[in-house]
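Secondary and tertiary structure notes
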Amino acid sequence: MAMLEVKDLHVYYGVIQALKGISFEVNQGEVIALIGANGAGKTTTMKIMAGLVQADGGSVKISGIDALKESRMIKRIIGYMPDFFGVYDNLKVMEYMEFYASIYGITGSKAEKLCRKLMELVDLTDKSEFLVDELSRGMKQRLCLARCLVHDPKLLILDEPASGLDPRARHGIQKIIKRLKEEKKTIIISSHILQELSELCTSVGVIDHGKMVVRGTVD
Ligand code: ATP
């Protein structure tokens, strides 16, 4: 059984048809790159999986569960990194992580241990007492990636996690994703640029004008 099954997704924003029947499957352990130009429909597709946008037609199954109906259950299985994320005034990096852990019921020394481990993974250990607002863009993006891992999700949905970063910072994000791939996470990652994901991903889906136009291996 595929880990993710997307069938004939349709979405309208008013009169704009953002998705025109997207279908694809992702198997466990696969790292799929969703490639497409601005406005192609990548973010919309990902937001539907995360339960943040309602589909006007079609179905999404994650681990066999109907993601469009059981969005609460799905939130335990997935880790979603949005393309834009809010910044929390006057919150330190460690507090920010512990806040997200607490949402999933992880508190006290267990939360502290977990958050330290995740901060090590994203190379932010020496920033734990910094305010989130004091981090660079690349560091904030790594922090955001760490926060979607607090509940040890099986499926990661990462919406342009390296957007707006310089080559070195992009490499930093890629290194972390590589580690997550080694941990056998199933990962969906969007980008405009296939090249930088080609070594990382096991397969590719190209989205154009709300349709999946190509699906297969990088070759
Ligand atoms: P990008 O690479 O720029 O992030 P994308 O592939 O993620 O683009 P989407 O954000 O999914 O594309 O947008 C798909 C289409 O839906 C676009 O035509 C966009 O203008 C439209 N759209 C997206 N969000 C909304 C919204 N909230 N209201 C109206 N239209 C929207």
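Residues numbered from 1 in each chain as written. Predicted model: local features only at pLDDT ≥ 70, side-chain atom pairs only at ≥ 80, totals over all residues. Heavy atoms only, no water.

**With respect to the sheet that holds strand β10 (residues 211–216)**
Two modes of strand pairing occur in sheets, parallel and antiparallel, and in both the strands are linked by backbone hydrogen bonds. Threshold: DSSP-based pairing: two strands are paired if at least 2 bridges between them are found. Helix and strand assignments come from DSSP, with helices taken as H or I runs of at least 4 residues and strands as E runs of at least 2, each series counted from the N terminus. An axis is simply a line fitted to the C-alpha atoms; with a helix, the fit covers only the stretch in contact. Between two such axes, the angle follows the N-to-C directions and lies from 0 to 180 degrees. In this description, contact between two residues means that some pair of their heavy atoms is separated by no more than 4.5 Å.
The strand order across the open sheet formed by six strands is β6-β7-β8-β3-β9-β10, and the pairing between neighbours is mixed. Strands with a single pairing partner mark the edges of an open sheet, and in this sheet they are β6 (78–81) and β10. Looking at each pair of strands side by side, their axes are set apart by 15° on average, direction ignored. In this structure, strand β3 (residues 31–35) lies alongside strand β8 (residues 186–191), joined through five bridges in parallel fashion. Of the residues in β8, the one forming a bridge with Ile35 is Ser191. Packing against the sheet, helix α1 (residues 42–49) makes contact with β3, β6, β7 (155–158), β8 and β9 (203–208), and its axis sits at approximately 150° to β8.

**A short note on the pairing of β3**
Spelled out, the test is: Here the term buried applies to any residue with accessible area under 20% of the maximum for its type, exposed to any over 50%, and partly exposed to those in between, with areas from a 1.4 Å probe on protein chains only.
Counted residue by residue, β3 has five buried out of five residues, so it is predominantly covered. With burial as the criterion, each face of β3 is covered, one bearing Val31, Ala33 and Ile35 and the other bearing Ile32 and Leu34.

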